[in-house]
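As a plain string of letters, each chain reads:
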Amino acid sequence: VFADMNSRLVGWAITAKTKGVVPWRNTSHHFNEIELCHLQVAPEYRHQGVGRAIVNWIHLKSVETPHPSVAPHRTVLECRTNAAGFYRQCGFQRATEPMGHHGTTQGHVWLVRNRVS
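(A) Just unusual backbone geometry, in detail. For Ser 7, which is not glycine, the phi torsion reads 65° and is therefore positive. Locating Ser 7 in the fold gives a position in the loop between strand 1 (2-3) and strand 2 (9-24). On the basis of relative accessible area, Ser 7 is assigned to the exposed category, the value being 64%. Backbone geometry at His 47 places phi at a positive 65°, although glycine is not the residue there.

What follows is the structure, encoded as structure tokens:
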């Protein structure tokens with residue numbers, strides 16, 4: 001939950017951390033990533049850079065750890081195709097590998113943002 005200086009709700013997000021070998025995306029694979037599952041900005045704060053700031057904070061906070069070897073390698077998300085431009089402005093790019101057990105939901109795209117080394 002994100003709030004302004006007066007404790008008014010600005011937005012909220014849900015993330016999930018994947019670490020270790022998991023039976024996911026049709027194979028057993030070692031993942032160390034953060035998935036941005038949901039993001040919502042209060043209507044009165046939209047189109048002011050708040051959403052971009054929240055996404056950037058989540059990504060940067062998730063990769064700040066005492067030792068880089070334990071930090072997530074990237075942040076991933078699946079979004080509607082018409083929202084992809086917003087996430088591209090936040091540094092995300094289209095995923096190059098297959099994501100999900102059954103492919104991507106119609107009208108959606110998987111995006112990734114790698115950690116800066």
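The rest of the description comes next.
(B) Highlighting the side chain of Glu 33. By the secondary structure assignment, Glu 33 is in strand 3 (residues 27-41). Looking at Glu 33, the relative accessible area reads 2%, which means it is buried. At a separation of 2.8 Å, a polar atom in the side chain of Glu 33 contacts the side chain of Arg 74.

(C) How the structure looks around the layout of surface pockets. What the largest pocket holds in volume is close to 330 Å³. Every residue lining the largest pocket is counted, 14 residues in all, and those nearest its centre are Val 41, Arg 46, His 47, Gly 51 and Phe 86. Elements with a minimum of two residues in the lining of the largest pocket: strand 3, helix 1 (50-63) and helix 2 (84-89). A volume near 260 Å³ is recorded for the second largest pocket. Leu 36, Cys 37, His 38, Leu 39, Leu 77, Glu 78, Cys 79, Arg 80, Asn 82, Ala 83, Tyr 87 and His 108 are the residues that line the second largest pocket. Breaking the lining of the second largest pocket down by element, the ones donating at least two residues are strand 3 and strand 4 (74-80).

(D) Quick look at the packing of aromatic side chains. Here the structure, examined in full by the defined rule, presents 3 aromatic pairs. Judged by centre distance (5.6 Å) and plane angle (85°), the rings of Phe 2 and Trp 57 are edge-to-face. Placement of the pair is Phe 2 in strand 1 and Trp 57 in helix 1, with a sequence separation of 55 residues. For the pair Tyr 87 and Phe 92, a centre-to-centre distance of 6.0 Å together with 85° between the ring planes defines the contact as edge-to-face. Taken together, Phe 86, Tyr 87 and Phe 92 form an aromatic cluster joined through their ring pairs.

(E) Inspection of the environment of Tyr 87 at higher detail. Position of Tyr 87 among the secondary structure elements: in helix 2. A sequence separation of 10 residues divides Tyr 87 from Leu 77, and the C-alpha atoms of the two residues are 9.2 Å apart. Aside from chain neighbours lying at most four places away, what touches Tyr 87 is Leu 36, Leu 39, Val 55, Leu 77, Cys 79, Phe 92 and Leu 111.

(F) Here's a closer look at the pairing of strand 4. With 5 of its 7 residues buried, strand 4 lies for the most part within the structure. Strand direction decides the pairing type here: strand 4 and strand 6 (residues 108-114), joined by 7 bridges, are antiparallel. Bridging across to strand 6, Cys 79 finds its partner in Val 109.

Conventions used here
- Residues numbered from 1 in each chain as written.
- Predicted model: local features only at pLDDT ≥ 70, side-chain atom pairs only at ≥ 80, totals over all residues.
- Heavy atoms only, no water.
- Helix = DSSP H or I, 4+ residues; strand = E, 2+ residues; numbered from the N terminus.
- Buried < 20%, exposed > 50% of the residue type's maximum accessible area, 1.4 Å probe, protein only.
- Polar contact = N/O pair within 3.5 Å; in protein donor to acceptor, adjacent residues only side chain to side chain.
- 1 Å grid on protein atoms, 1.4 Å probe; cavity = no way out; pocket = protein on both sides within 12 Å on 5 of 7 lines; lining within 4 Å.
- Points joined across faces, edges and corners; volume = space filled by probe spheres on them.
- Phe/Tyr/Trp six-rings, centres within 6.5 Å; stacked < 30°, edge-to-face > 60°.
- Contact = heavy atoms within 4.5 Å.
- Pairing = 2+ DSSP bridges.

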